[in-house]
Amino acid sequence: MPIAIRPALSTDLPRMMGIDHACTSEYVWQLDLRKESGQVSASLREVRLPRPISVAYPRNPFALADEWQFKSAVFVAADPAAVGYVCLSEQSAATVTWVTDLVVMPDHRRHGIGSALLKAAQDWAIERGSHMFILETQAKNQPATRMAQKFGLEFCGYNDHYYASHDVTLFFGRALK
């Protein structure tokens, strides 16, 4: 049975919150920040780790029960129960759509579900008239950074105090037509 992408229902929430949100990574994007008199320079480089690490999700997945109704849109990949989801926040003044959460069950990863969710999110953003589509992810989350690049999103910024964990956050985006 093929995976269907559809808007999330409140009945999907327990399954969405129960998904293992962690991932494994063999690489990180390392931030080198240099501050000198009158100048700040930042460089990011992908570094292979000596061994794979488990990357904890930067948000509390159980907060989803309270927060999902404040998102601009939430889509699930259903098989027929939810096996993944994507949350979107729209900033209407700047007409930007942010992918704030993109999660797929571990045994369903690397089967195109994340890409299908991103495609549905991007289509929604285009229909809403967004001019920019941005995905946020931790610098440690190599699977997400690789998927963003494969999807055609380009690195467009970072923030080293974005998540409560103070993990470096990377932003990948594209202009929408």
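Preceding this paragraph is the structure being described.
For every chain, the first residue of the written sequence is number 1, and numbering continues from 1 onward in sequence order. A pLDDT threshold of at least 70 governs which residues receive local features in this predicted model, and a stricter bar of 80 or more applies before side-chain atom pairs are shown or counted, although totals over entire chains, interfaces and linings include all residues. Only heavy atoms go into the side-chain values, all of them from the structure, while hydrogens and water stay out.

Participant: Can you walk me through the overall build of the protein in this structure?
Facilitator: Think of it this way: any DSSP run of H or I at least four residues long counts as a helix, any run of E at least two long counts as a strand, and we number them from the N terminus. In terms of helices and strands, the protein carries four helices and nine strands. Taken over C-alpha atoms, the radius of gyration is set against a globule rule of 2.2 Å times the number of residues to the power 0.38. Its C-alpha atoms give the protein a radius of gyration of 16 Å, near enough to 16 Å, the size a compact globule of 177 residues would have. In terms of overall dimensions, the protein has C-alpha extents of about 55 × 40 × 30 Å along its principal axes. Between buried and exposed lies partly exposed: a residue is buried under 20% and exposed over 50% of the maximum accessible area for its type, with that area taken using a 1.4 Å probe on protein chains only. Relative to its full complement of 177 residues, the protein shows a buried share of 44%. Contacts are residue-level and defined by heavy atoms, with any inter-residue pair within 4.5 Å sufficient. For the protein, contacts bridging at least 24 residues in sequence account for 62% of all contacts bridging at least 6. In this description, accessible areas are obtained by the Shrake-Rupley approach with a 1.4 Å probe, and a residue is regarded as covered only by the protein chains that are shown. Surface exposure of the protein reaches about 9800 Å², of which carbon and sulfur atoms provide 53%.

Participant: Looking at this model, I keep getting lost on the environment of Leu 135. Mind explaining?
Facilitator: In this structure, Leu 135 sits in strand S7 (residues 132-138). When the C-alpha atoms of Leu 135 and Leu 153 are compared, they prove to be 8.1 Å apart, with 18 residues separating the residues in sequence.

Participant: Got a minute to help me understand the sheet that holds strand S4 (residues 73-78) in this structure?
Facilitator: The strands that make up a sheet pair up through hydrogen bonds in the backbone, lying either parallel or antiparallel. We treat two strands as partners when DSSP finds at least two bridges between them. Spatially, seven strands are ordered S1-S4-S5-S6-S7-S9-S8 in an open sheet, and the strand pairing comes out mixed. Edge strands, defined here as strands with exactly one partner in the open sheet, are strand S1 (4-7) and strand S8 (154-159). Taking the axes of each pair of neighbouring strands and ignoring which way they run, one obtains an average angle of 25 degrees across the sheet. For helices, the fitted axis covers only the stretch in contact; all axes are lines through C-alpha atoms, and the angles between them, taken along N-to-C directions, range from 0 to 180 degrees.

Participant: What am I meant to see in the layout of surface pockets here?
Facilitator: To locate leftover empty space, one rolls a probe as large as a water molecule over the atoms. Considering only enclosed or pocket space, the largest pocket measures out at about 850 Å³ in volume. Here a cavity is any set of points on a 1 Å grid over the protein atoms alone where a 1.4 Å probe fits but cannot get out, and a pocket is any open set with protein on both sides within 12 Å along at least 5 of 7 lines; a residue lines the site when it has an atom within 4 Å of a point. The wall of the largest pocket is formed by 34 residues, among which Arg 109, Asn 141, Pro 143, Ala 144 and Met 147 lie closest to the centre. For the lining of the largest pocket, the secondary-structure elements that each account for two or more residues are strand S2 (23-36), strand S6 (96-104), helix H3 (113-127), S7 and helix H4 (142-150). At six residues, the largest contribution of residues to the lining of the largest pocket is made by S6. Three categories are distinguished: nonpolar for Ala, Val, Leu, Ile, Met, Phe, Trp, Tyr, Cys and Pro, charged for Asp, Glu, Lys and Arg, and polar for the others, with Gly belonging to the last. Looking at the lining of the largest pocket residue by residue, the class counts come to 16 nonpolar, eleven polar and seven charged. Grid points are joined across faces, edges and corners, and a volume is the space filled by probe spheres set on the points.

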